[in-house]
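Observations on the three-dimensional arrangement
Residue strings, one per chain:
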Amino acid sequence: MAWYTQFADFVSTIGFTHSRSDNFLFIYRRGSSLADILLYVDDIILTASSDALRQSIMAMLTSEFAMKDLGPLSYFLRIAVKRHSGGLFLSQRKYAAEIIERVGMSSCKSTPTPVDANPKLSATAGAPYKDPTRYRSLAGALQYLTFIRPDITYAVQQVCLFMHDPRVEHINAIKRIIRYIQGTLDYGLHLYPSSTSTLVSYTNADWGDCPNTRRSTSGYCMFLGNNLVSWSAKRQATLSHSSAEAEYRGVANVVSESCWLRNLLLELHCPIQKATLVYCDNISGIYLSGNPVQHQRTKHIKMDIQFVREKIAKGQVRVCHVPSRYQIAEIFTKGLPAVLFKDFRDSLSVQNRPL
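Bear in mind that the values here come from a model prediction, so they are computed numbers and not experimental data. (Residues numbered from 1 in each chain as written. Predicted model: local features only at pLDDT ≥ 70, side-chain atom pairs only at ≥ 80, totals over all residues. Heavy atoms only, no water.)

Summing up its helical and strand segments, the protein chain has ten helices and 14 strands in all. A globule of 355 residues ought to have a C-alpha radius of gyration of about 20 Å, and the protein chain, at 22 Å, matches this closely. A principal-axis box enclosing the C-alpha atoms of the protein chain has dimensions of 60 × 55 × 40 Å. Each of the 355 residues in the protein chain was classed as buried or not, and the buried ones make up 48%. Once local pairs closer than 6 in sequence are excluded, the contacts in the protein chain between residues at least 24 apart make up 67%. In the structure as shown, the protein chain presents an accessible area of about 17600 Å², 54% of it carried by carbon and sulfur atoms. (Helix = DSSP H or I, 4+ residues; strand = E, 2+ residues; numbered from the N terminus. Rg over C-alpha atoms; globule rule 2.2 N^0.38 Å. Buried < 20%, exposed > 50% of the residue type's maximum accessible area, 1.4 Å probe, protein only. Contact = heavy atoms within 4.5 Å. Areas by Shrake-Rupley, 256 points an atom, 1.4 Å probe, with all protein chains shown as cover.)

The structure is reproduced here in structure tokens:
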């Protein structure tokens, strides 16, 4: 905490302002000169609009702190960054290989998907797993892998629900995820040069899918231009009385995320002028976003309805329909057949490393 305070105080003296959207982001602007610093403990990413500005900021930082310039970004928080002719490739191959080796599955057969399309895992089915600490360690390690592997987000979210009382069935689900990772070890997230003028999101909910609590699972993904920038798979905090209610809670979640991202981009001097497009495959959920009449069946989500409608009225959001076949967010809410899973995975730009 003392180091962070010292660093924040110093960069403020050289012209940086503290981001209101992210506590670890510092922003510099003087006329056409732009620079950003992202801080995580003692790891720092510095970007600048010119090399001269970057060198000037580095000189000021090294005069105050013991720092070393490691050159162009290549590795940050166990994420490898590779530049290629088409853009950037983010990979956690080394970290994934360490997980596989830790489990002793380096020679295991791969599986085409990280989770099957059967009914969801139960909290009480099967015998208790003999080593709960090991289970929690593996589930936590896989959570970190979802930072640039959105294709395993749903599968990891499911196994993380049972950390308090893992069963044999649950550790088998973890092993399936690891077999999938073994077959896709060289996969990562591709980022391409793209316009930053549009935000497009997809949201989906699997109503009452939890066999124990009957809570729904919400999932979304968000694209800035052509690049995936945010995604989530999460069990809803309360029961939904209908599929429309579950879907609308999902819409409210992604609208909330889009508001944060729009504010962040505004601070980075890349404001989004167009409305964020939110694609949903539930007709009732879309109807609720535009119809001002309250119904008895919507009384449980009145706050969500009002929140989304307010953003629509301000021109910041548009809720649109998308056929289920093209609902990419389904990859975050349920197990899918291999062909459909691979199609959605490609849509997320999770692919093999470039040659």
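We now examine the environment of Leu228. The topology assignment puts Leu228 in strand E11 (residues 227-235). Since its relative accessible area comes to 3%, Leu228 is described here as buried. Along the sequence, Leu228 and Thr153 sit 75 residues apart, while their C-alpha atoms lie 14 Å from each other.

We now examine the nonpolar core. Core analysis: the biggest nonpolar cluster contains 55 residues, and Ile174, Ile181, Cys221 and Leu348 have the highest contact counts within it. Top element by residues in this core is helix H6 (residues 168-183). It accounts for seven residues. Ignoring anything within four residues of it in the chain, the contact list for Cys221 reads Val200, Ser201, Tyr202, Leu228, Ser230, Trp231, Ile328, Ala329, Phe332 and Leu348. Of all hydrophobic cores here, the second largest spans 24 residues; its members include Tyr248, Leu261, Ile286 and Leu288. (Core = buried A, V, L, I, M, F, W, Y, C linked by side-chain atoms within 4.5 Å.)

This paragraph deals with the packing of helix H1 (residues 2-13) against helix H2 (residues 51-64). Viewed as axis vectors pointing N to C, H1 and H2 meet at an angle of 135 degrees, and their least axial separation amounts to 11 Å. The orientation of H1 relative to H2 falls into the category oblique. Considering how the two elements wind past one another, H1 and H2 form a crossing that is right-handed. Where H1 approaches H2, its residues Gln6, Phe7, Phe10 and Val11 are matched on the opposing element by Met60, Leu61 and Glu64. Residue composition of the contact of H1 with H2, by class: five nonpolar, one polar and one charged. (Axes fitted to C-alpha atoms, helices over the stretch in contact; angles between N-to-C directions. Parallel < 35°, antiparallel > 145°, perpendicular 65-115°, else oblique. Left-handed = near helix turned anticlockwise from the far one by under 90°. Nonpolar A, V, L, I, M, F, W, Y, C, P; charged D, E, K, R; others polar.)

The next thing to look at is the UniProt feature "domain: Reverse transcriptase Ty1/copia-type" (unreviewed entry) in the protein chain. Taken from the UniProt record, the annotation "domain: Reverse transcriptase Ty1/copia-type" (unreviewed entry) applies to residues 2-115. Here residues 2-115 is 32% helix and 32% strand, with 44 Å between the C-alpha atoms at its ends. (UniProt positions renumbered as here; feature names shortened; annotations may be inferred.)

This paragraph deals with the pairing of strand E12 (residues 276-280). With four of five residues buried, E12 is to be regarded as a mostly interior element. Bridge count for strand E9 (residues 199-206) against E12 is three bridges, and the pairing is parallel. Within the sheet, the bridge partner assigned to Tyr202 lies in E12 and is Tyr279. Relative to strand E13 (residues 317-321), E12 runs parallel, the two being bridged by five bridges. By the bridge assignment for E13, Leu277 is matched with Arg318. (Pairing = 2+ DSSP bridges.)

With eight of eight residues buried, strand E10 (residues 217-224) is to be regarded as a mostly interior element. Taking every second residue as pointing to the same face, both faces of E10 are buried, with Thr217, Gly219, Cys221 and Phe223 on one and Ser218, Tyr220, Met222 and Leu224 on the other. Both E9 and E10 contribute to a ladder of eight bridges, which runs antiparallel. Among the inter-strand pairings, Asn204 is bridged to a residue of E10, identified as Gly219. With eight bridges connecting them, E10 and E11 associate as antiparallel partners. When the bridges of E11 are listed, Cys221 appears paired with Trp231. Where E10 folds back on E11, the antiparallel hairpin that results is connected by two residues, among which Gly225 adopts a positive phi of roughly 65 degrees.

What follows concerns unusual backbone geometry. At Arg78, a position not held by glycine, the phi torsion is positive, near 65 degrees. Checked against the element boundaries, Arg78 lands in the loop between strand E5 (75-76) and strand E6 (79-84). Given the relative accessible area of 41%, Arg78 is considered partly exposed. With a phi close to 65 degrees, Ser349 is a non-glycine residue in the positive phi region.

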